[in-house]
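# Coordinates in review
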Amino acid sequence: MSRNIVAGRKSKPAPALEDVTPLVPRGLRVSAALSWRFLVVIGAMYAVIWLMGYFATLVVPIAIAILLSALMAPGVSALMRWRVPRGLATAIVLVGGLAILGGVLTFVVTEFISGLPDLQTQVGSSLDTVRTWLADGPLHLRQDQIQQFLTTAIDSIKNNQSEITTGALTTAATIGEILTGMLLTLFVLIFFLYDGGGIWSFLVRGVPDRVRDRVDVAGRRGFSSLVSYVRATAAVAVVDAVGVGVGLWLVGVPLVVPLAALVFLTAFIPIIGALLAGSVAILIALVANGPIQALVVLAILIGVMQLESHVLQPWLLGRAVRLHPLAVVVAIAAGLVSAGIAGALLSVPLLAVLNAGIRSLLKEVDPDPDEIEPLEPVASHPNANPAGAGEPG
C-alpha cells in the first residue's frame, strides 16, 4: 500500500539555478573579461619568447640573415635590372660583400698588430707615471706598498687560474658556436637573396584566402621598412666612424682605425653600441695619452653622439621607420634583458617591421600585392586609412 502511495506521488522539479550575472557590477565584469584575455595574450607571448630562446641558435642566424638580405637585396635587384641572371647576381653580391668585409677585417687586424708595440710603450710610460704619482703625489705611498699591491694582484690571478682557464674554454666553445651560426647565416642568406620572394609566397599560402592579400601586403611593407632601417643605420654608422676616427687622429690616440671600425660595427646597436665603443676609446686614450686627452676624446664622442641623436637619426631613421625615440629605448632595453646583445641588435629592426606591418593591416585600402615593391622606401607606408582621411601613412 505504501509503495503505491509513493509511486503515485509526483517528483518535485529541481530548483532552477539563479543567474547571478546581473548582480555583478558591469565594471567588474568588464575588468574580469579584460583580465583573462590579457593573461591569455601574455601567456602566448611568453610561449613564443620561450620557444625563440630555446631555438636561439637557429633563430638568431635566420634573423641576421634577414637583416643582411635587406642590406644586399637592392644590389641583387640592381644587377638584375642590368640583365644579369638572378643566380649570378646573387653570387656577385655575396662574393663582393664577403670580400669587402674580409678586406676591412684584415686591414683592421693588421693596423691593430702594427700599432700594438707603440700602445705597449705608451701603456708602460703611463704606468710609470701613475707609479710616480702614487709615490710623490698627495697619497705619498711607499714603494714597498705599491710593490705589495702589484704582488697581491699577481697572486690573485695565479690563485684564480682554474676559473680563468674555465672561462677561456667557455670562450672557445662560444667561438665555435659563433662560427657555426655564421655558416648557417651564410647558407640562409644565399636562399633569401636568390628566392626570397618565392619563400615569402610559400609562407603566405598558409593564410586564409579572405585575408591573404592584406597579410601579403603587410609583410612586403614590413620588409620595405627593414630595408629603409638598414640603409639609414649604415649611413649613420659611417658618419659616426668617420667623425670619431678623425677626432681620435687629431688627439693622437693610437689604434685609430680599429677604434673607428669598432664604432661603425657597434653603431648598428643603437645607444648601447655607442656606449660600448666610446668606453673603449676613452679607456685607450686614458691609458695611452693621459687624462686630459681622455677628456678631449669624451667631448668628441659626446659631440658625435649629439649629431647622431639630434640630426642623423631624426632625419634618416625617423623618416625611414617612423619610430618614437622612447619606443626605440624601450625596445632595446627589452631585447637586452631577454636576449642579451643579440636582442639589443634585433629589437629595433623587429619593432620597425611590426610597426609597418600593423599600420598596413589597420590602414590599408584595397591592398594589391603586385603594386608593392619591397625594396622601395615608399613601399613601407600604407596607402590610406579605412575612412580615406588622415595621414597617408
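Residues numbered from 1 in each chain as written. Predicted model: local features only at pLDDT ≥ 70, side-chain atom pairs only at ≥ 80, totals over all residues. Heavy atoms only, no water.

## A short note on the pattern of salt bridges
Close approach of charged atoms lets side chains of opposite charge pair. The condition is simple: What makes a salt bridge here is a side-chain nitrogen of Lys or Arg within 4 Å of a carboxyl oxygen of Asp or Glu, nothing more. A run of H or I in DSSP counts as a helix once it spans at least four residues, and a run of E counts as a strand once it spans at least two, with each numbered from the N terminus. Buried residues are those whose accessible area, probed at 1.4 Å on protein chains only, stays under 20% of the maximum for their type, while exposed residues exceed 50% and partly exposed ones sit between those limits.
Applying the stated criterion across every chain yields a total of 2 salt bridges. Residues R212 and D209 are paired through a salt bridge, measuring 2.6 Å at the closest nitrogen-oxygen approach. Pair noted here: R212 and D209 are both in helix 7 (residues 209–251), with a separation of 3 residues, about one helical turn. Between D216 and R220 there is a salt bridge; the shortest N-O distance is 3.0 Å. A residue pair is termed a helical-turn pair when its members lie 3 or 4 positions apart in one helix, as D216 and R220 do in helix 7 at 4 residues. With respect to class, D216 is no different from R220; both count as buried.

## A look at the nonpolar core
The line we're drawing: Residues belong to one nonpolar core when they are buried, are Ala, Val, Leu, Ile, Met, Phe, Trp, Tyr or Cys, and are joined through side-chain atoms within 4.5 Å. Residues count as neighbours in contact if any of their non-hydrogen atoms are within 4.5 Å of one another.
Membership of the largest hydrophobic core comes to 27 residues, with the highest contact counts inside it found for M72, L189, L193, V230 and V348. If you list the elements that add at least two residues to this core, you get helix 3 (56–81), helix 4 (86–136), helix 6 (161–204), helix 7 and helix 11 (325–363). Other than its neighbours up to four places away in sequence, V230 contacts L67, A70 and L71. Listed in part, the 16 residues of the second largest apolar core include L259, A281, I284 and A285.

## With respect to helix 3
Defined as follows: Expected helix span is taken as 1.5 Å per residue step, with the number of steps being one fewer than the number of residues. At any given residue, the bend is defined as the angle formed between two axes, one fitted to the seven residues that end at that position and one fitted to the seven that begin there.
The end-to-end C-alpha distance of helix 3, which contains 26 residues, comes to 37 Å, matching closely the 38 Å that a straight helix rising 1.5 Å per residue would cover. Its axis deflected by about 40° at M72, helix 3 carries its strongest bend there, up to four residues before the proline P74. Inspection of helix 3 places P61, A65, L67, S69, A70, M72, A73, P74, V76, S77, A78 and L79 among the buried residues, and these make up the whole buried set. Looking one or two places after helix 3, you find R83, whose phi comes out positive at around 70°.

## Brief notes about the packing of aromatic side chains
How two aromatic rings sit relative to each other is set out by the distance from centre to centre and by the angle between their planes. As a reminder of what qualifies: Any two rings among Phe, Tyr and Trp, with Trp reduced to its six-membered ring, count as a pair given centres within 6.5 Å; such a pair is stacked if its planes are under 30 degrees apart, edge-to-face if over 60, and tilted if neither.
Enumeration according to the criterion identifies 3 aromatic pairs in this entry. When the centroid spacing of 5.0 Å and the interplanar angle of 85° are considered together, the rings of Y54 and F55 count as edge-to-face. We classify F55 as partly exposed; its relative accessible area is 41%. Among the aromatic side chains, those forming a connected cluster through ring pairs are W50, Y54 and F55.

## Focus: a nonpolar patch on the surface
Keep this limit in mind: Patch criteria: residues need more than 30% relative accessible area and no salt bridge. Like-charged residues are merged within 9 Å; nonpolar side chains of Val, Leu, Ile, Met, Phe, Trp and Tyr are merged within 5 Å. Surface exposure here means Shrake-Rupley accessible area, sampled with a 1.4 Å probe, where a residue is shielded only by the protein chains that are shown.
Taken together, the side chains of L98, L186, F187, I190, F191, I199, F202 and L203 define a hydrophobic patch exposed on the protein surface, amounting to about 740 Å² of accessible area. Broken down by element, the nonpolar patch gets its largest block of residues, 7 residues, from helix 6. Structurally, I199 is set in helix 6.

## Thoughts on the packing of helix 7 against helix 8 (residues 256–266)
Short version of the rule: Axis definition: a line fit to C-alpha positions, over the contact stretch in the case of helices; interaxial angles, taken between N-to-C directions, run 0 to 180 degrees. We call two directions roughly parallel when the angle between them is under 35 degrees, roughly antiparallel when it is over 145, roughly perpendicular when it lies between 65 and 115, and oblique otherwise. Left-handed describes a crossing whose near helix is turned anticlockwise from the far helix through less than a right angle; right-handed describes the clockwise counterpart. In the scheme used here, Gly and all other residues not listed as nonpolar or charged are polar, with Ala, Val, Leu, Ile, Met, Phe, Trp, Tyr, Cys and Pro taken as nonpolar and Asp, Glu, Lys and Arg as charged.
In the contact formed by helix 7 and helix 8, the axes pass within 8 Å of each other and the chain directions differ by 155°. Classified by the angle their axes make, helix 7 and helix 8 are roughly antiparallel. The hand of the helix 7/helix 8 crossing is right-handed. Touching A234, A237, V238, D240, A241, V244, G245, L248 and W249 of helix 7 are V256, L259, A260, V263 and F264, all from helix 8. Broken down by class, the residue content of the contact of helix 7 with helix 8 amounts to 12 nonpolar, 1 polar and 1 charged.

Purely geometric stuff here, so don't read any function into it on its own.
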